[in-house]
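Letter by letter, the chains look like this.
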Amino acid sequence: MPTDNNSNSRRKFLAHAAKGVIGASMFPAIISSKDKARHILELKRPKQKLSANDQVQVALIGAGGMGSEDANTCIKVPGVKLVAACDLYDGRLADAKKKWGNDLA
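Residues numbered from 1 in each chain as written. Predicted model: local features only at pLDDT ≥ 70, side-chain atom pairs only at ≥ 80, totals over all residues. Heavy atoms only, no water.

## Details of the nonpolar core
Grouped burial of nonpolar side chains is what soluble globular proteins tend to show. Counting residues in each nonpolar core, the largest one holds eight residues, listed as Leu60, Ala63, Ala71, Leu82, Ala85, Ala96, Trp100 and Leu104. Elements represented by at least two residues in this core include exactly β2 (80-86) and α3 (90-100). Once residues lying within four places of it in the same chain are set aside, the contact partners of Leu82 are Val58, Ala59, Leu60, Ala71, Ile75, Trp100 and Leu104. (Core = buried A, V, L, I, M, F, W, Y, C linked by side-chain atoms within 4.5 Å. Buried < 20%, exposed > 50% of the residue type's maximum accessible area, 1.4 Å probe, protein only. Helix = DSSP H or I, 4+ residues; strand = E, 2+ residues; numbered from the N terminus. Contact = heavy atoms within 4.5 Å.)

So, in structure tokens, the structure goes:
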């Protein structure tokens, strides 16, 4: 009876795939530990002053639930300012002005 060479190659393929999955699952842990170390070093440095050119201005298109949460997340970052909001519904624009100020375009 002839031997099936495909089964041997399938076994090799599955072994390599399993090793790849295990290696890939270890990769985020390695990256996150390096990022943590980098962030700790950045916290120890003295804060630099921001110039007017360092400010990022953000405009919001769609002031619904997801857009509002995205805007809230953006403005938590130092140097980011929400300057405009756009939505088809006037009620959402009124809510956006209440949340982030009447100076929104």
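## Focus on the pairing of strand β1 (residues 56-61)
Bridging between β1 and β2 involves six bridges; their strand directions are parallel. By the bridge assignment, Leu60 is partnered in β2 with Ala85. The handedness of the β1 to β2 crossover, carried by helix α2 (residues 65-75), is right-handed. (Pairing = 2+ DSSP bridges. Right-handed = clockwise from strand over helix to strand, strands pointing away.)

## Topic: the side chain of Ser68
Secondary-structure assignment places Ser68 in helix α2. Relative accessible area serves as the criterion here: at 5%, Ser68 is assigned to the buried category. In this structure, Ser68 is in contact with Ala63, Lys99 and Trp100, ignoring residues within four places of it in sequence.

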